[in-house]
Amino acid sequence: MKRTNYYVLGLFALIALFVSCKKTEDVVKPTSSITVYNGLTDGSAIFANFYKTGKLNFSSILNGIQSASIGAGTYILEKGVTSGTIPIDFYAYPDSANVALSVTRDYKPSGMYSIFIAGTRSAIDTLVTEDTVPVLPLSDSLLLIRTVNLSNFPVPVSVNILGKTTPIPGCESLKYKKSTGFLKVSVKRADVPGNDLTLQIRNATTGALLTYTAFAWRFVAGSESSSYISKPATLIITSAGTNTVAKFIYPIKTK
């Protein structure tokens, strides 16, 4: 009888161990981080449903339960998205009944990705990148700049630092829906005549200036420093009607 009890106790112990392991497998899942930038040129807001929690409900979105709102010209960084081949659905406000765009791809564990949304609400276009960010020593006078062309300008564009006669290497001719990697750009005090570092976006064919953007550059005697030093920044070139515009974002976190 005692031996039988030992067998029963041993069986229960094995079952408990199995259930415990299964619970651990169900809870611990690899994740990825995804940055979404809304570059729609008609000013439409969009909503991203990362988690497929059923039919989209805007009241749930506004309470931060189900999805994320992304205004035109803004971005979000969503961490903890389950890795693997998953669809991410996008809706154009206020239509919560119809998916405006669905992006399905394989997201690697611990991977970093960007989804750039271009075009208009009625004709959405996308560019998806897997992001690899070089690591730079904090003492370097270097910028990490990735350029993404989401503009409807009919010819390729180039990017140069104000005062430089040649484009940044790697940014000589960038077509629509094309992106550079994160380029190491050396910047010295001589490149910054004022308090801002200015980048110019030009027609790559004719050299004509299309637009420019600047960001604060804080000079300290004997050194160069900036909020963008050693950080991965993205220069996004997009459109506003017939005008070309550009702006900086740096949502990617390396730590």
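Cut-offs used in this document
- Residues numbered from 1 in each chain as written.
- Predicted model: local features only at pLDDT ≥ 70, side-chain atom pairs only at ≥ 80, totals over all residues.
- Heavy atoms only, no water.
- Helix = DSSP H or I, 4+ residues; strand = E, 2+ residues; numbered from the N terminus.
- Buried < 20%, exposed > 50% of the residue type's maximum accessible area, 1.4 Å probe, protein only.
- Contact = heavy atoms within 4.5 Å.
- Areas by Shrake-Rupley, 256 points an atom, 1.4 Å probe, with all protein chains shown as cover.
- Pairing = 2+ DSSP bridges.
- Axes fitted to C-alpha atoms, helices over the stretch in contact; angles between N-to-C directions.
- Phe/Tyr/Trp six-rings, centres within 6.5 Å; stacked < 30°, edge-to-face > 60°.
- Lys NZ or Arg CZ within 6 Å of the ring centre and 35° of its normal.
- Polar contact = N/O pair within 3.5 Å; in protein donor to acceptor, adjacent residues only side chain to side chain.

> Could you give an account of the overall build of the protein chain, with specific residues and numbers?
When helices and strands are counted, the protein chain shows two helices and 17 strands. Looking at the protein chain as a whole, 42% of its 255 residues are labelled buried. The contacts of the protein chain with a sequence gap of at least 6 include a subset with a gap of at least 24, amounting to 62%. A total accessible area of about 13700 Å² is found for the protein chain, and carbon and sulfur atoms account for 57% of it.

> How would you sum up the sheet that holds strand 1 (residues 31-38)? Please name residues and give values.
Taken in spatial order, the four strands make up an open sheet running 4-1-7-8, and their pairing is mixed. Unpaired on one side and paired on the other, strand 4 (75-82) and strand 8 (123-130) mark the two borders of the sheet. On average, adjacent strands in this sheet sit at an angle of 20° to one another, irrespective of strand direction. Looking at chain direction, strand 1 and strand 7 (residues 112-120) are connected through six bridges and run parallel. Directly across from Asn 38, in strand 7, lies its bridge partner Ile 117.

> I'd like a description of the environment of Cys 171, backed by residues and values.
If you trace the backbone, Cys 171 turns up in the loop between strand 10 (157-161) and strand 11 (178-179). Residue classification places Cys 171 among the buried residues on the basis of a relative accessible area of 3%. Residues Cys 171 and Val 159 lie twelve residues apart in sequence; the distance between their C-alpha atoms is 5.5 Å. Ignoring sequence-local partners within four residues, the contact set of Cys 171 consists of Thr 147, Val 157, Ser 158, Val 159, Thr 180 and Leu 183.

> Can you explain the packing of aromatic side chains? Please cite residues and give values.
According to the stated counting rule, one finds one aromatic pair in the structure shown. With a centroid separation of 5.0 Å and 90° between ring planes, the pair formed by Tyr 107 and Tyr 113 is classed as edge-to-face. Like Tyr 113, Tyr 107 is buried. Here the guanidinium or amino end of Arg 105 rests over the ring plane of Tyr 107, the centre of that ring lying 5.8 Å away.

> Just give me the short version of unusual backbone geometry, but keep the residues and values in it.
Despite not being glycine, Ser 110 has its phi angle at roughly 65°, a positive value. Mapped onto the elements, Ser 110 comes out in the loop between strand 6 (101-107) and strand 7. Classification of Ser 110 as exposed rests on a relative accessible area of 69%. Even without being glycine, Lys 177 reaches a positive phi, approximately 65°. Under the relative-accessibility criterion, Lys 177 is labelled partly exposed at 26%.

> Requested: an account of the side chain of Ser 44, with residues and values cited.
Structurally, the position occupied by Ser 44 is in the loop between strand 1 and strand 2 (46-49). In this structure the side chain of Ser 44 is engaged in a polar contact, spanning 3.0 Å, whose partner is the side chain of Asp 42. If near-sequence neighbours (up to four positions away) are discounted, Ser 44 is found in contact with Asn 38, Ala 72 and Arg 121.

> Can you tell me about the side chain of Thr 147, naming the residues and giving the values?
Structurally, Thr 147 can be placed in strand 9 (residues 142-149). The class for Thr 147 is buried, based on a relative accessible area of 0%. Setting aside residues up to four positions removed in sequence, Thr 147 forms contacts with Val 159, Cys 171, Leu 174, Lys 178, Ser 179, Thr 180, Leu 235 and Ile 237.

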